[in-house]
Amino acid sequence: MSTPERHGAPVTVTIDGFEITVPKGTSVLRAAAEGGIQIPKLCATDSIEAFGSCRLCVVEIEGKRGTPSSCTTPVAEGMVVRTQTEKVKKIRKGVMELYISDHPLDCLTCSANNDCELQDMAGMVGLRDVRYKPANGNGLANHFTPREASGEANALYIPKDESNPYFTYDPSKCIVCSRCVRACEEVQGTFALTIEGKGFDSRVSPGMGSNDFLSSDCVSCGACVQACPTATLQEKSVDKLGTPERAVVTTCAYCGVGCSFKAE
Ligand code: FES
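Before going into details, it helps to say that this report is about the structure given with it. (Residues numbered from 1 in each chain as written. Predicted model: local features only at pLDDT ≥ 70, side-chain atom pairs only at ≥ 80, totals over all residues. Heavy atoms only, no water.)

## So, unusual backbone geometry
Working step 1: One non-glycine residue with positive phi stands out, namely Asn114, at about 70 degrees.
Working step 2: Mapping Asn114 onto the fold places it in the loop between helix H2 (86-101) and helix H3 (117-124).
Working step 3: Positioned with a positive phi, Ser220 is a non-glycine residue whose angle comes to about 60 degrees.
Working step 4: Judged by its relative accessible area of 28%, Ser220 is partly exposed. (Helix = DSSP H or I, 4+ residues; strand = E, 2+ residues; numbered from the N terminus. Buried < 20%, exposed > 50% of the residue type's maximum accessible area, 1.4 Å probe, protein only.)

## Points about helix H5 (residues 179-188)
Working step 1: Across the 10 residues of H5, seven count as buried, placing the element largely inside the fold.
Working step 2: Within the span of H5, buried status applies to Arg179, Cys180, Val181, Arg182, Ala183, Cys184 and Glu186.
Working step 3: Its buried side turned inward, H5 meets H3, strand E6 (194-196), strand E7 (203-205), helix H6 (223-227) and strand E8 (233-235).
Working step 4: Where H5 terminates, the next one or two residues include Gly189, which has phi positive at roughly 70 degrees. (Contact = heavy atoms within 4.5 Å.)

## Notes on the packing of aromatic side chains
Working step 1: Under the counting rule described, the total for this entry stands at two aromatic pairs.
Working step 2: Arranged with centres 5.2 Å apart and planes meeting at 85 degrees, the rings of Phe167 and Phe213 form a pair that is edge-to-face. Pair noted here: Phe167 is in strand E5 (residues 167-169) and Phe213 is in the loop between E7 and H6, with a separation of 46 residues, a long-range link. No difference in accessibility class separates Phe167 from Phe213, as the two residues are buried. (Phe/Tyr/Trp six-rings, centres within 6.5 Å; stacked < 30°, edge-to-face > 60°.)

## A few points about the environment of Glu34
Working step 1: With respect to the helices and strands, the residue Glu34 is situated in helix H1 (residues 28-34).
Working step 2: C-alpha separation for the pair Glu34 and Val22, spaced 12 residues apart in sequence, amounts to 8.2 Å.

In structure tokens:
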């Protein structure tokens, strides 16, 4: 794995008035978490390298201009960080509003309901209202609108991919955080996934030239499914039967990803 190395001299920072000491190389996001301060995040995880794409984890740092992402900013001795200023709260809410404006609002029937980081983060930033319509203007998220229903050629519509025997890929729910792509590369070393397109056109793709996951280089390790913060990549058992009440995760030496054995 290529997460930032944390070693060397301890560094003490002040975050929201609390002094926190962590090893050199720790990100501000992680230092805050270790001090019990939760900063909203979507594209960062503990097991893949920080990417800084979702902009939810922005903070203010004394003596620094702008609002850097805390996941990509390493701590420095004496650094003073504020995670809950009006400025960063407004930015996070605005960012989340854009995400939700292009996401299906089917939470109650979604297989990830109550197990969805997008849902959690929307609540965490206090989002209650979305002012923007999706780019297609018909009240449905872009990837959610069938070509015929939009009344015009909709190059953005990509149907749900159920070709893999173990998981489904539903592009309508993708927020393009790239966690699946990075997990495929950094955790599994397979490089089967990529991001295609730009803006509203951007989407995760199972490799250039592959129409679906089954015909791609995917080895069905599940690293991408585990990394996905929404129901975009979802285990078929969860998609069909719902979230199990109990899950046991084990890690073997074969791939190190961690397999879930689920009891309903
Ligand atoms: Fe830091 Fe996404 S979690 S930019």
